[in-house]
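# Coordinate inspection notes
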Amino acid sequence: MQVRHLLKDKGGSVVGIAPAASLADAAKLLTEKRIGAVVVREVDGPLLGILSERDLVKALAAHGAGALEQAVDRHLTRDVVTCGLGHTMEDLMNMMTRGRFRHVPVLDDDGRLCGVISIGDVVKNRIAETVREAEDLRVYISATA
Ligand code: AMP
């Protein structure tokens, strides 16, 4: 399955935060939206980076509770690995495994952000595919028995 098909099912909403926002704002946003990472950009601007719950934990470990007042800009990852609409779930699994991250922003054919795929989306899709394959096999076996 390609990213374009998955986005059709899940929708292409992208939760973003401005680089000048604080880590406390980011923590509130992640909690409110029940997600593990936000893309960093000005309103509707290009992708500047990504900030995940792991970056929050790292900042707290390094700076204590005072980190919550620091800007997102100081703790984001700038070198973001993105994917396109034609990438497959297998491509995404490889990217996530190699890069050791769990979120991949999606860029459309014009280079605009049009979604974010999480490891949860990939696993859910994989399980659905496996169940479907098992069901097809069951039907095939009972038809040929
Ligand atoms: P995650 O596993 O997604 O919570 O992220 C683990 C670390 O990788 C954090 O430092 C993130 O900022 C970073 N990260 C998350 N997604 C990406 C991505 N697509 N490309 C590069 N770094 C990422």
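Residues numbered from 1 in each chain as written. Predicted model: local features only at pLDDT ≥ 70, side-chain atom pairs only at ≥ 80, totals over all residues. Heavy atoms only, no water.

Of all residues adjacent to the ligand, which total 13 residues, the nearest are Ser52, Asp55, Thr77, Arg102 and His103. In the model, an oxygen atom of the ligand is placed 2.7 Å from a nitrogen or oxygen of the Arg102 side chain. His103 is positioned such that a nitrogen or oxygen atom in its side chain is 2.7 Å from an oxygen atom of the ligand. Considered on its own, the ligand offers 480 Å² of accessible surface; in the complex 93% of this is hidden by protein. Taken together, the elements giving at least two residues each to the shell around the ligand come down to strand E3 (49-52), helix H3 (53-63) and strand E5 (103-107). The leading source of residues in the shell around the ligand is E5, at 3 residues. Its residues placed into classes, the shell around the ligand shows 6 nonpolar, 3 polar and 4 charged. (Near = heavy atom within 4 Å. Polar contact = N/O pair within 3.5 Å; in protein donor to acceptor, adjacent residues only side chain to side chain. Areas by Shrake-Rupley, 256 points an atom, 1.4 Å probe, with all protein chains shown as cover. Helix = DSSP H or I, 4+ residues; strand = E, 2+ residues; numbered from the N terminus. Nonpolar A, V, L, I, M, F, W, Y, C, P; charged D, E, K, R; others polar.)

Once that is clear, we can look at the environment of Arg102. If you trace the backbone, Arg102 turns up in the loop between helix H4 (89-99) and E5. The sequence separation of Arg102 and Arg78 amounts to 24 residues, and the corresponding C-alpha distance is 16 Å. Aside from chain neighbours lying at most four places away, what touches Arg102 is Glu53, Arg54, Met96, Ile117, Ser118 and Ile119. (Contact = heavy atoms within 4.5 Å.)

What follows deals with the pairing of E3. Of the two faces of E3, the one carrying Gly49 and Leu51 and the one carrying Ile50 and Ser52 are both buried. The sheet contact formed by strand E2 (residues 37-40) and E3 spans 4 bridges and is antiparallel. Bridging from a neighbouring strand, Val40 pairs with Gly49 of E3. (Buried < 20%, exposed > 50% of the residue type's maximum accessible area, 1.4 Å probe, protein only. Pairing = 2+ DSSP bridges.)

All right, on to the sheet that holds E2 then. With respect to topology, 3 strands assemble into an open sheet ordered E1-E2-E3, the strand pairing being mixed. If you trace the sheet from one side to the other, it starts and ends with strand E1 (16-17) and E3, each paired once.

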